[in-house]
Structures are given as C-alpha cells and as structure tokens.
Amino acid sequence: MDLASAADAIEAVFDATGEDAVYGEGGTTGAPCLAIPWRPTRERQMAGVELAGFSIAERSLFVLVQKGEVPAPTQGMAFRLLDAGTTYRIGDTPVAHDTRGLVWRCPAVEEATT
C-alpha cells in the first residue's frame, strides 16, 4: 500500500472511531483533533493487577492521534475528550504507532472525568 492510501485508510479509522478532543497544555484549550484512547488487549485483561507498585492498567493506557493533527505531541501535555470530559495527560515520550509514522502512540494517564 502506498503512503497516500495508508494515510486515507488511517483517516477513515479515526473518522469512524476517534473522539473529538483538544490537545494542549491543560487539556482544556488547544488544537482540535480526533483521539483514540487505547489499552492493548492482553494488558486490558490484566487491568488492576499490581506490579512493582503500579497498576498494569495505569501503565498501559495510550492515546492514539494522527501526526497530521498533532505533529509533535509532548510529554506533560494533555488530550481532553470533549464528549466524555476525560483528560489524558501524556506521561512519557510519544512514539510512532505505525511503520509509516502516520499515528502517534502517546503513553497516558487518565486524570479526571467531569
């Protein structure tokens, strides 16, 4: 699949499953984007298990976002899902989620639900 086709396919996934969000310092104002909160399946099954004082559920939450919408997500910044009112703070360095570098995988911590 060429890069343009891959980008179109990823955009279709985000259009279908992404949640309206803003990316910014406090998660309340900033750049609009579509975000997908994600827990890998195996680790989701182990949610709540304690390991070295940290819950696996806490350590395995990510927010996926398209690089075209958020070119350089940064540790300490946040995504706020507009409908749910949930804020996810980026807790570690984001990495490319796919081999073409079209999607960021941002390790995150859920902060609050309003």
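Residues numbered from 1 in each chain as written. Predicted model: local features only at pLDDT ≥ 70, side-chain atom pairs only at ≥ 80, totals over all residues. Heavy atoms only, no water.

**Student:** An account of the pattern of salt bridges is requested, with residue identities and associated values reported.
**Tutor:** Applying the stated rule across the entire model yields one salt bridge. A salt bridge links Arg-89 to Glu-111; the nearest nitrogen and oxygen atoms lie 2.8 Å apart. Note that Arg-89 is positioned in strand E7 (residues 87-90) and Glu-111 in strand E9 (residues 103-112), a separation of 22 residues in sequence. (Salt bridge = Lys/Arg side-chain N within 4 Å of Asp/Glu carboxyl O. Helix = DSSP H or I, 4+ residues; strand = E, 2+ residues; numbered from the N terminus.)

**Student:** Can you explain a negative patch on the surface? Please cite residues and give values.
**Tutor:** A cluster of acidic residues, Asp-2, Asp-8, Glu-11 and Asp-15, forms a negative patch at the surface. Position of Asp-2 relative to the elements: it lies in the segment before helix H1 (3-17). (Patch = residues over 30% accessible without salt bridge, like charges linked within 9 Å, V, L, I, M, F, W, Y side chains within 5 Å. Areas by Shrake-Rupley, 256 points an atom, 1.4 Å probe, with all protein chains shown as cover. Lys, Arg positive; Asp, Glu negative; His and termini not counted. Charge placed at Lys NZ, Arg CZ, Asp CG, Glu CD.)

**Student:** I'd like to hear about the pairing of strand E1 (residues 19-24), residue by residue, with values.
**Tutor:** Put simply, side chains in a regular strand alternate between the two faces of the sheet. Across five bridges, E1 lies against strand E2 (residues 31-38) in antiparallel orientation. The residue bridging Asp-20 from the neighbouring strand is Leu-34, located in E2. Taken together, the four bridges between E1 and strand E6 (residues 78-81) define a ladder with antiparallel strand orientation. Note on E6: the bridge partner recorded for Gly-24 is Ala-78. (Pairing = 2+ DSSP bridges.)

**Student:** So what about the packing of aromatic side chains? Which residues, and what values?
**Tutor:** According to the stated counting rule, one finds two aromatic pairs in the structure shown. Taken together, a centroid distance of 5.1 Å and an interplanar angle of 45° make the contact between Tyr-23 and Phe-79 tilted. Remark: Phe-79 occurs in strand E6 and Tyr-23 occurs in strand E1; sequence separation between them is 56 residues. Note on accessibility: Tyr-23 and Phe-79 belong to one class, buried. A centroid spacing of 5.6 Å and a plane angle of 40° characterise the contact between Trp-38 and Phe-62, whose relative ring orientation is tilted. Here Trp-38, found in strand E2, pairs with Phe-62, found in strand E5 (residues 62-66); they are 24 residues apart in sequence, far enough to count as distant. For Trp-38, a relative accessible area of 29% corresponds to the partly exposed category. Overall, the relative accessible area of 15% leaves Phe-62 in the buried class. Its end group placed over the ring of Phe-62, Arg-105 keeps NZ or CZ at 5.6 Å from the ring centre. (Phe/Tyr/Trp six-rings, centres within 6.5 Å; stacked < 30°, edge-to-face > 60°. Buried < 20%, exposed > 50% of the residue type's maximum accessible area, 1.4 Å probe, protein only. Lys NZ or Arg CZ within 6 Å of the ring centre and 35° of its normal.)

**Student:** How would you sum up the side chain of Thr-87? Please name residues and give values.
**Tutor:** Note that Thr-87 resides in strand E7. Assessed through its relative accessible area of 6%, Thr-87 is described here as buried.

**Student:** Quick rundown of the nonpolar core? Include the residues and the values.
**Tutor:** Within soluble globular proteins, side chains that are nonpolar tend to cluster in buried spots. Core analysis: the biggest nonpolar cluster contains 15 residues, and Cys-33, Val-65 and Phe-79 have the highest contact counts within it. Those elements that place two or more of their residues in this core are E1, E2, E5, E6, E7 and E9. Tallying contributions element by element places E9 first for this core, with three residues. Judged by nonpolar contacts, the second largest core, of eight residues, contains Ile-10, Leu-34, Ile-36 and Val-103. (Core = buried A, V, L, I, M, F, W, Y, C linked by side-chain atoms within 4.5 Å.)

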